[in-house]
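Letter by letter, the chains look like this.
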Amino acid sequence: MDRRLVFAVAGWVVAALAATVAGLVVIGSFGGAFRGPGGQALSAEAVRRELALPAPPVDPPTPRPSAAAAASRVVSTEGGTVVVSCTAGRAHLTSWTPAQGWRTDDVEPGPDQRAKVKFERGEAEVEVETHCEGDVPRTVVTND
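Worth saying up front: this structure is predicted, and the values here are computed from it rather than measured.

**Considerations on the overall build of the chain**
Reasoning step 1: Within the chain, the secondary structure is distributed over three helices and seven strands.
Reasoning step 2: Secondary structure of the chain in N-to-C order comes out as α-α-α-β-β-β-β-β-β-β.
Reasoning step 3: Evaluated residue by residue, the chain yields a buried proportion of 18% over its 144 residues.
Reasoning step 4: Taking as baseline every contact in the chain between residues at least 6 positions apart, the subset at least 24 positions apart corresponds to 24%.

Below is the structure:
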């Protein structure tokens, strides 16, 4: 084997060993910065305290349904889907979506004593009308 090749390989091995030792020394010197007293790893709370970050809430607030949401009802028909609700005894169409191939015709969304929507497809009609008994929606579906 050529002497120059042997020296080149030996030089690369020595350089690799020197880089590895230098890396370990650097990591060892910084490693203490990530540990608390006595060499123990810091807890998440201790890290927050050290960084002065606010702690996350223990129990995030749980959203509560509103009274209007509790008094809602979904009505599915051949002509489409309607979400009806009652608030303070008044009927309201929260949303309405015609089924594929149907269209919305006559809409009286409320809030009022009664609320209604009509879906049409050709000669076919489906009417959804709602009124309230207290805060409970009562719905009548008429197919023509």
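After that view, the rundown keeps rolling.
**Remarks on the state of the cysteines**
Reasoning step 1: Here the structure, examined in full by the defined rule, presents one disulfide.
Reasoning step 2: Note on cysteine connectivity: cysteine 86 is disulfide-linked to cysteine 132, with sulfurs 2.0 Å apart. The S-S bond linking cysteine 86 to cysteine 132 shows a torsion near -95°; that makes this disulfide left-handed. Of the two residues, cysteine 86 sits in strand β2 (residues 80-87) while cysteine 132 sits in strand β6 (residues 124-133), which places them 46 residues apart along the sequence. The pair formed by cysteine 86 and cysteine 132 is uniform in burial state, with each residue classed as buried.

**Structural notes on the sheet that holds strand β5 (residues 114-121)**
In sheet architecture, strand pairing relies on hydrogen bonds along the backbone and comes in two forms, parallel and antiparallel.
Reasoning step 1: If you trace the four strands from one edge of the open sheet to the other, you get β4-β5-β6-β7, paired in antiparallel fashion. A single partner strand is all that each edge strand has here, and the edge strands are β4 (103-108) and β7 (136-143). Across the sheet, the axes of successive neighbouring strands diverge by a mean angle of 15°, strand direction being ignored.

**Let's talk about the nonpolar core**
Reasoning step 1: If you look at the biggest cluster of nonpolar residues, it comprises 13 residues, and the most contacted ones within it are Val82, Val84, Leu93, Val117, Phe119 and Val128.
Reasoning step 2: Elements with a contribution of two residues or more to this core: β2, β3 (90-98), β5 and β6.

**Observations concerning a nonpolar patch on the surface**
Reasoning step 1: On the surface, Leu5, Val9, Val13 and Leu17 cluster together to form a nonpolar patch covering roughly 350 Å² of accessible area.
Reasoning step 2: The residue valine 9 is located in helix α1 (residues 3-31) in this model.
Reasoning step 3: Assessed through its relative accessible area of 48%, valine 9 is described here as partly exposed.

Rules of the game
- Residues numbered from 1 in each chain as written.
- Predicted model: local features only at pLDDT ≥ 70, side-chain atom pairs only at ≥ 80, totals over all residues.
- Heavy atoms only, no water.
- Helix = DSSP H or I, 4+ residues; strand = E, 2+ residues; numbered from the N terminus.
- Buried < 20%, exposed > 50% of the residue type's maximum accessible area, 1.4 Å probe, protein only.
- Contact = heavy atoms within 4.5 Å.
- Disulfide = S-S within 2.5 Å.
- Pairing = 2+ DSSP bridges.
- Axes fitted to C-alpha atoms, helices over the stretch in contact; angles between N-to-C directions.
- Core = buried A, V, L, I, M, F, W, Y, C linked by side-chain atoms within 4.5 Å.
- Patch = residues over 30% accessible without salt bridge, like charges linked within 9 Å, V, L, I, M, F, W, Y side chains within 5 Å.
- Areas by Shrake-Rupley, 256 points an atom, 1.4 Å probe, with all protein chains shown as cover.
- Salt bridge = Lys/Arg side-chain N within 4 Å of Asp/Glu carboxyl O.

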